[in-house]
Amino acid sequence: MMRKTVRVCTPRYLQIGEGSVSCLPDILSAIGKISSPLIITDKTMVELGHVAKVQSALINQGIACGIFDETVPDPTDEVVLAALSKLEAGKHDCVIGVGGGSPIDTAKAVAVMSRYSRDIFDYRPPAEFNEPGLPMIAVPTTAGTGSEVTHHTVLVHAATREKISCRGEAFVPTAAIVDYDFTLSKPKRLTADNALDTLTHGIEAYISQKRSMYSDRMALDCMRLVGKLLDRAYADGGDREAREGLMFAATLGGLAFSNASICLVHAMSRPLGGLFHVPHGLSNAMLLPMVTEFSLESATPRYADCGRAIGFASTGDDDQTAARKLVQGLYAYNKNLEVPSIEAFGIDRREFENALGQMAEDALRSGAPNLNPRVPTKDEIIDLYRQAWSTAS
Ligand SMILES: [Fe+2]
């Protein structure tokens, strides 16, 4: 059901386009008196030269910065606390997250925790933090998570491996630099996983019970761009037009789900990442076709729109046909983009079976399944995990 009023939350500045990282100093001065940013990133970003590119944009304008390059996939509260120590020791007055979703989520958490609680459990939903933290700039180097524009950050409690989706307007970056140049070097696997994460954002925002006129427009354009350009970027990573479109799609997808919600796919995907280290985009892709099939009859016209936007169905198809073509198209994506099943990913069967109860409970605790068109029971979630065990395409 469509909300009557909607409060849209976005970064104060979005700098979009090729070479936009060079505008970073202008963004900093527009935000206010910032003299000492801390770049939060990982070692791969350093090795790929992405951090040097950001640093030189700052140094060219006489701005010195610190670097914390120890973020990890599925960022933990421990890593956030380590980055906070560096922030305080260096008396930094701003954070710049450089990388995929994990470094940016880490930077967002550092910005908020520098002013509020440092106990990850204080951020468990339904808790929300809305007052701004330290200024934070997001510089995504992948086209996927949309984290540069969202009011969420996903952290893992290091001891229990529980994934917690921290939320509130405090987590929206102050500014985002959306420069597709960073994505040109990304390999096929990452290109596909990131784009399928983006597509999941578009679909889930569009079928969410918290959707609005605003999130619908963002979601539809997000899905159209992925449908048009994913195959091209996968076939030729140097296709600049495809890279540019997918980078913009990721930002649109982030604006869509951040201002609506994610639903059952993400709810089930996060425990797979938290417990078994399946990369986020990949775990979404493993689950997207069967969760869509499970939910289809509860929102057939909406799913039909998704099928048409992506290009799996045509405007001449009736809703039943277009919705069915969406499911077929998602299975075909997984086949063509070589998405493995959970089994083929290499997870131990017994460990997976033993974790099913906990994963289903974690998924339900996130709250997102309640926003799905068809709200699942715990047993239905377990059945869906079992379906995804051996089926990805
Ligand atoms: Fe996602």
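Keep in mind that this is a model prediction, so the values were computed, not measured. In every chain, residue numbers begin from 1 and rise along the written sequence. Under the rules for a predicted model, residues below a pLDDT of 70 receive no local features and side-chain atom pairs below 80 are neither given nor counted, while totals for whole chains, interfaces and linings still include all residues. The side-chain quantities take in all heavy atoms of the structure and omit both hydrogens and water.

Peer 1: Account for the overall build of the chain, naming residues and giving values.
Peer 2: Looking only at helices and strands, one finds 15 helices and eight strands in the chain. Its C-alpha atoms give the chain a radius of gyration of 20 Å, near enough to 21 Å, the size a compact globule of 393 residues would have. Principal-axis analysis of the C-alpha atoms places the extent of the chain at approximately 60 × 45 × 45 Å. Burial status follows relative accessibility: with a 1.4 Å probe on protein chains alone, a residue under 20% of its type maximum counts as buried, one over 50% as exposed, and anything between as partly exposed. In the chain, which comprises 393 residues, the proportion classed as buried is 59%. Intrachain contacts of the chain at a sequence separation of at least 6 include 77% that bridge at least 24 residues. Accessible area for the chain stands at about 15,200 Å²; split by element, carbon and sulfur atoms hold 49% of it. When the 39 basic and 47 acidic side-chain charges of the chain are each reduced to a single mean position, those positions are 3 Å apart. Here a strand is any run of E in DSSP of at least two residues, a helix any run of H or I of at least four, and the numbering for each starts at the N terminus. Using C-alpha atoms as the atom set, the radius of gyration is obtained and then compared with a globule rule of 2.2 Å times the number of residues to the power 0.38. Any pair of residues with heavy atoms lying within 4.5 Å of one another is described as a contacting pair. Using a 1.4 Å probe, the Shrake-Rupley method yields the accessible areas, and only the shown protein chains count as cover for residues. Residues scored as positive are Lys and Arg, those scored as negative are Asp and Glu, and His as well as the terminal groups of each chain are ignored. We put the charge of a Lys on NZ, of an Arg on CZ, of an Asp on CG and of a Glu on CD.

Peer 1: Could you give an account of the nonpolar core, with specific residues and numbers?
Peer 2: Take the buried residues of types Ala, Val, Leu, Ile, Met, Phe, Trp, Tyr and Cys, join any two whose side-chain atoms come within 4.5 Å, and each joined set is a nonpolar core. Counting residues in hydrophobic clusters, the biggest one holds 82 residues, and the most contacted among them are Leu199, Ile203, Met223, Met268, Leu272, Phe352 and Tyr385. With ten residues, the single largest contributor to this core is helix α7 (residues 213–235). With residues up to four places along the chain from it excluded, the contact list for methionine 268 reads Leu287, Val291, Ala363, Ile381, Leu384 and Tyr385. Residues Val95, Ala111, Met113 and Leu155 belong to the second largest nonpolar core, which totals 27 residues.

Peer 1: Go over the coordination of the iron ion with me, naming the residues and quoting the values.
Peer 2: Looking at the iron ion, the protein donor atoms are Asp197 (OD), His201 (NE2), His266 (NE2) and His280 (NE2), and they sit 2.1 to 2.2 Å from it. For Na, K and Ca the donor cutoff is 3.2 Å, while for all other metals N, O and S atoms count as donors only within 2.8 Å; water does not appear among the atoms, so some sites may look incomplete. Geometry assignment treats four donors as tetrahedral when all angles are between 85 and 135 degrees, treats four as square planar and six as octahedral when opposite donors are over 155 degrees apart and all others between 65 and 115, and treats everything else as irregular. Geometry at the iron ion is irregular, judged from the four donor atoms that bind it and their angles of 85 to 170° at the metal. Counting along the primary sequence, the residues that act as donors to the iron ion give the motif D-x3-H-x64-H-x13-H. With histidine 266 in helix α9 (residues 264–276) and histidine 280 in helix α10 (residues 280–295), the pair connects residues that are 14 residues apart, well separated along the chain.

Peer 1: Which residues make up the sheet that holds strand β1 (residues 13–16), and what are the values?
Peer 2: One requirement defines pairing of two strands: DSSP has to find at least two bridges between them. Taken together, the six strands give an open sheet; going across it, the order is β1-β8-β5-β4-β2-β3, and neighbouring strands pair in parallel fashion. Two strands bound the open sheet, and with one partner strand each, they are β1 and β3 (66–68). Ignoring strand direction, the axes of neighbouring strands in this sheet form an average angle of 15°. By the bridge criterion, four bridges tie β1 to strand β8 (residues 175–178) in an arrangement that is parallel. Directly across from tyrosine 13, in β8, lies its bridge partner alanine 175. Interaxial angle, 0 to 180 degrees, is taken between N-to-C directions of lines fitted to C-alpha atoms, where a helix line uses only the stretch in contact.

Peer 1: Outline a nonpolar patch on the surface, supporting the account with residue identities and numerical values.
Peer 2: Residues forming no salt bridge and having over 30% relative accessible area are the ones grouped into patches, like charges within 9 Å of each other and nonpolar side chains (Val, Leu, Ile, Met, Phe, Trp, Tyr) within 5 Å. Any carboxyl oxygen of Asp or Glu that lies within 4 Å of a side-chain nitrogen of Lys or Arg is treated as forming a salt bridge with it. A cluster of nonpolar side chains, namely Leu14, Ile16 and Phe248, defines an oily patch on the protein surface of about 240 Å² accessible area. Here leucine 14 lies in strand β1. Looking at leucine 14, the relative accessible area reads 34%, which means it is partly exposed.

Peer 1: Go over the pairing of strand β6 (residues 152–156) with me, naming the residues and quoting the values.
Peer 2: One face of the sheet, then the other: side chains in a regular strand alternate in exactly this way. Of all five residues that make up β6, five are buried, and the element is covered over most of its length. Across the two faces of β6 the burial is the same, with His152, Val154 and Val156 and Thr153 and Leu155 all buried. Direction of pairing for β6 relative to strand β7 (residues 163–167): antiparallel, over a ladder of five bridges. Across the sheet, the residue bridging to valine 156 is lysine 163, located in β7. The loop that links β6 with its antiparallel partner β7 comprises six residues; one of these, arginine 161, has a positive phi angle of about 65°.

Peer 1: Mind laying out helix α6 (residues 188–207), listing which residues take part and the relevant values?
Peer 2: To estimate the expected span of a helix, subtract one from its residue number and multiply by 1.5 Å. If you check α6, its first and last C-alpha atoms are 28 Å apart, about what 20 residues at 1.5 Å a residue would give, namely 28 Å. Across the 20 residues of α6, 17 count as buried, placing the element largely inside the fold.

Peer 1: Outline α10, supporting the account with residue identities and numerical values.
Peer 2: Between the first and last C-alpha of α10 there are 21 Å, a value that for 16 residues agrees with the 22 Å anticipated at 1.5 Å per step. Its axis deflected by about 40° at leucine 288, α10 carries its strongest bend there, up to four residues before the proline proline 289. Within α10, 14 of the 16 residues are buried, which leaves the element mostly enclosed by the surrounding structure. To obtain the bend at a residue, axes are fitted to the seven residues ending there and to the seven starting there, and the angle between these axes is taken.

Peer 1: Lay out the pattern of salt bridges with the relevant residues and their values.
Peer 2: Pairs may arise between side chains of opposite charge once their charged atoms sit close together. Counting across every chain of the model gives 22 salt bridges. Close ionic contact of arginine 240 with glutamate 18 constitutes a salt bridge, the shortest N to O distance being 2.9 Å. With arginine 240 in helix α8 (residues 240–258) and glutamate 18 in the loop between β1 and α1 (24–31), the pair connects residues that are 222 residues apart, well separated along the chain. With a relative accessible area of 36%, arginine 240 lands in the partly exposed category. We classify glutamate 18 as partly exposed; its relative accessible area is 49%.

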